[in-house]
Amino acid sequence: MFRKTRLYTPGPTPLLPAAQFAMAAADMHHRTPEFRALYQKVLAQLKVFVGTKNDVLLLSSSGTGAMEASVSNLTSPGDKTLVLTAGKFGERWVSLLKAFGCEPEVVTAPYGETFDLAIVKAAIKPGIKAVFMQTTETSTAVRHDVEAIAKLIKENAPDALLVADGITGLGTTHFDVDGWGIDILIGGSQKAVMIPPGLAYLSVSDKAWAAMENSKNPRYYFDLRKERKNAVKGESAYTPAVALIAGLGAALDYIAGQASGDLEKGRIALIDNAQLNAAATRAGLNALGFTLFAPTAPAAAATAVAVPEGMNSGDVVKALKTRFALVTANGQGEMQGKIFRVAHLGFFDYLDTVALLGAMEHIAKDTLKLPVEYGMAVAAAQKVFAESVK
Ligand SMILES: *Cc1c(COP(=O)(O)O)cnc(C)c1O
């Protein structure tokens, strides 16, 4: 039997062929008019993709580089900061802040859940320099209510900055970056924008630029002020990941092409697509008798699925790989063995969801010995799809 490798992980995600071709063809030098034209085009497209009038900068690093840049550029040792964490990526904010001399106050939600807004409200006090959170906690596949939290900050600590890791939120969630007041919103190349790992991008508000003038933490490679000065000239401070930037441009063109060349509408279509595929996946897995790990605030970026008591999610991940060459993600940390995760962000369509659910029917029946009738999961997803196109 032939099997095509299919990636269903929440980063890296499947690659867009047009972006792969653009990357292969990108042999330009980065201090040339050709590159400057490309860079300026991509930075302008990113503003539309993020949906902001703020500056958007690109960094040649994985997403964590932009997280670190936010911390090192905005904080000074000893600053009062707040982290909202509900999983592995939230915990990364805590580690980063500690590495830069801040002892953050921390509000946690249990894995699989989002925050109790009353607890968040009580923690947002005047004097806080910045609040750090995820828009989507990829380790648990939970979506947080950024709009509500931004409002709490405006009401209770209006001087505080809101720094949001939107690495799997961008392209899967509708944000009003400027209206809500998200000061920094971070994205990564290996997620919804359909290209390989290696680029991070972030929007930076005027309020965040002003805060940077007084922050005392050290920074060099990730000095955002230097990056901004260079970006104005169409360049990056150091040698950029030229090929990835060419790929990103092609991917953003493709997203615009899904809506007759209108990137803003294309972005909306991409988000709606992820939301539809997530809803169809949840319906299909529910029909098979699976328990969703994050039923109350599910993300559209990925779905986390709990396996029945006494079973190991690694067996599902392994069976999907060996039988169908279908690559999913196990749980991280304490969640390893308990959940598996499938992605919907980026270059996925409805038929990819049908394929995944068809495979899951086999695995549920043969590996997990669940009482499965073929077609159960696929039919549930088809109902969601049919409703959505009415
Ligand atoms: C993927 C991801 C990151 C970035 O991790 P890198 O490995 O540094 O790219 C950060 N936050 C979230 C929520 C993610 O999903």
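Everything that follows concerns the structure shown earlier in this document.
Residues numbered from 1 in each chain as written. Predicted model: local features only at pLDDT ≥ 70, side-chain atom pairs only at ≥ 80, totals over all residues. Heavy atoms only, no water.

**Focus on the packing of helix H2 (residues 33-50) against helix H11 (residues 263-287)**
With their axes 8 Å apart at the nearest point, H2 and H11 run at an angle of 50 degrees to one another. In this view, H2 runs oblique relative to H11, as classed from their interaxial angle. Note that H2 runs across H11; the crossing there is right-handed. The segment H2 lies against H11, with Gln-45, Val-48, Phe-49 and Val-50 engaging Leu-263, Glu-264, Arg-267 and Leu-270. (Axes fitted to C-alpha atoms, helices over the stretch in contact; angles between N-to-C directions. Helix = DSSP H or I, 4+ residues; strand = E, 2+ residues; numbered from the N terminus. Parallel < 35°, antiparallel > 145°, perpendicular 65-115°, else oblique. Left-handed = near helix turned anticlockwise from the far one by under 90°. Contact = heavy atoms within 4.5 Å.)

**Description of the nonpolar core**
Where a protein is soluble and globular, its nonpolar side chains tend to be buried together. In this structure, Leu-58 and Phe-290 are the most contacted members of the largest nonpolar core, which totals 121 residues. The element that contributes the greatest number of residues to this core is helix H10 (residues 242-257), accounting for nine residues. Looking at which domains feed residues into this core, each of domain 1 (6-12 + 261-388) and domain 2 (17-257) supplies at least three. When sequence neighbours within four positions are dropped, the list of residues in contact with Leu-58 reads Tyr-39, Val-42, Leu-43, Leu-46, Leu-199, Ala-200, Tyr-201, Glu-227, Ile-245 and Leu-248. Residues Ala-141, Ala-306, Met-335 and Ile-339 belong to the second largest nonpolar core, which totals six residues. (Core = buried A, V, L, I, M, F, W, Y, C linked by side-chain atoms within 4.5 Å. Buried < 20%, exposed > 50% of the residue type's maximum accessible area, 1.4 Å probe, protein only. Domains from an automatic or database assignment.)

**Overview of the sheet that holds strand E10 (residues 200-204)**
Within the open sheet, the seven strands sit side by side as E2-E10-E9-E8-E5-E3-E4. Their pairing is mixed. Two strands bound the open sheet, and with one partner strand each, they are strand E2 (55-59) and strand E4 (105-108). Across the sheet, the mean angle from the axis of one strand to that of its neighbour is 15 degrees, orientation sign disregarded. Here strand E9 (residues 184-188) runs beside E10; their pairing, made up of five bridges, is antiparallel. The partner of Ile-186 across the bridge, within E10, is Leu-202. Sheet contacts for H2: E2, E9 and E10; angle to E2, the most-contacted strand, approximately 120 degrees. (Pairing = 2+ DSSP bridges.)

**Considerations on the site of the ligand**
Close contacts around the ligand come from 13 residues, with Ser-62, Thr-64, Thr-138, Asp-165 and Lys-191 the closest. Residue Ser-62 places a side-chain N or O atom 2.5 Å away from an oxygen atom belonging to the ligand. Bound to the protein, the ligand loses 88% of the 380 Å² it would expose on its own. Those elements that place two or more of their residues in the shell around the ligand are helix H3 (63-74) and helix H4 (88-99). Per element, the largest residue contribution to the shell around the ligand is three residues, and it comes from H3. For the shell around the ligand, the residue count by class is three nonpolar, seven polar and three charged. (Near = heavy atom within 4 Å. Polar contact = N/O pair within 3.5 Å; in protein donor to acceptor, adjacent residues only side chain to side chain. Areas by Shrake-Rupley, 256 points an atom, 1.4 Å probe, with all protein chains shown as cover. Nonpolar A, V, L, I, M, F, W, Y, C, P; charged D, E, K, R; others polar.)

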